[in-house]
Amino acid sequence: MRSIVIHLADTTREAVRTQLSEIAEYTSGDEWRYPHRSSAPVLYIQFYDDYEREVEPGEMNSLASELDQMPSVSIIAHVSGRVPGGAEVRWFTESVLGTFRGLAQDEYSPHYWTVAEIRSQAIAHGHPFFDYEGWHENTPAV
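These figures come from a predicted structure and were not determined experimentally. (Residues numbered from 1 in each chain as written. Predicted model: local features only at pLDDT ≥ 70, side-chain atom pairs only at ≥ 80, totals over all residues. Heavy atoms only, no water.)

1. A short note on the pairing of strand S5 (residues 73–79)
Okay, so step 1: Within S5, 6 of the 7 residues are buried, leaving the element largely enclosed by the surrounding structure.
Okay, so step 2: Taken together, the 7 bridges between strand S1 (residues 2–9) and S5 define a ladder with antiparallel strand orientation. Counterpart to Ser3 in the pairing with S5 is His78.
Okay, so step 3: Note that strand S4 (residues 43–47) and S5 share 5 bridges and pair antiparallel. Opposite Ile45, over in S5, you have Ala77 as the bridge partner. (Buried < 20%, exposed > 50% of the residue type's maximum accessible area, 1.4 Å probe, protein only. Helix = DSSP H or I, 4+ residues; strand = E, 2+ residues; numbered from the N terminus. Pairing = 2+ DSSP bridges.)

In structure tokens:
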């Protein structure tokens, strides 16, 4: 599964929980699926509490610098391998970042994406946001 992480500032888990329940289907605990009522969801969404334990201190410093603070809340969306998922990822990320101040991170570059960059299809490190196909094509086989 591919994933994106969205780091949010100046908000609470409760506010994010409310927003996620409006744009995705709540399942149980703190988990959502997108799209609503789909028998084959594309996104599996939850709060991301392991970020500080899973990344290097330098990466945390970079995030805090880009966001002007440590994130108040982070969420992760796992993308089903059954579908490309690019349109769903962009729509979901734009919806969240259009509501809350924050940055998105995909698995394909060290860049922290703003909502304006995602909407304008900006290029960072030679690729737009969540360009898994482009990164795959440009990665030499091992």
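Let's pick the thread back up.
2. Digging into the packing of helix H1 (residues 13–23) against helix H4 (residues 86–99)
Okay, so step 1: Contact geometry of H1 with H4 gives a least axis separation of 11 Å together with a crossing angle of 140°. Taken together, the axes of H1 and H4 lie oblique to each other. When the axes of H1 and H4 are compared, the crossing they make is right-handed. Counting all contacts with H1, which are made through Gln19, Leu20 and Ile23, the residues of H4 involved are Trp91, Phe92, Ser95, Val96 and Thr99.
Okay, so step 2: In the contact of H1 with H4, the residues fall into 5 nonpolar, 3 polar and no charged. (Axes fitted to C-alpha atoms, helices over the stretch in contact; angles between N-to-C directions. Parallel < 35°, antiparallel > 145°, perpendicular 65-115°, else oblique. Left-handed = near helix turned anticlockwise from the far one by under 90°. Contact = heavy atoms within 4.5 Å. Nonpolar A, V, L, I, M, F, W, Y, C, P; charged D, E, K, R; others polar.)

3. Digging into the pairing of S1
Okay, so step 1: Among the 8 residues in S1, 8 count as buried, and that is most of the element.
Okay, so step 2: Burial along S1 is two-sided: the residues Arg2, Ile4, Ile6 and Leu8 and Ser3, Val5, His7 and Ala9 are all buried.

4. Let's talk about H4
Okay, so step 1: Helix length check: H4, at 14 residues, gives a terminal C-alpha distance of 20 Å against a target of 20 Å (1.5 Å per residue), a fit within 8%.
Okay, so step 2: Listed as buried for H4 are Gly86, Val89, Phe92, Thr93, Ser95, Val96 and Leu97.
Okay, so step 3: Where H4 is buried, its residues touch S1, H1, S4, S5, strand S6 (101–106) and helix H5 (115–119). (Expected span 1.5 Å × (residues − 1).)

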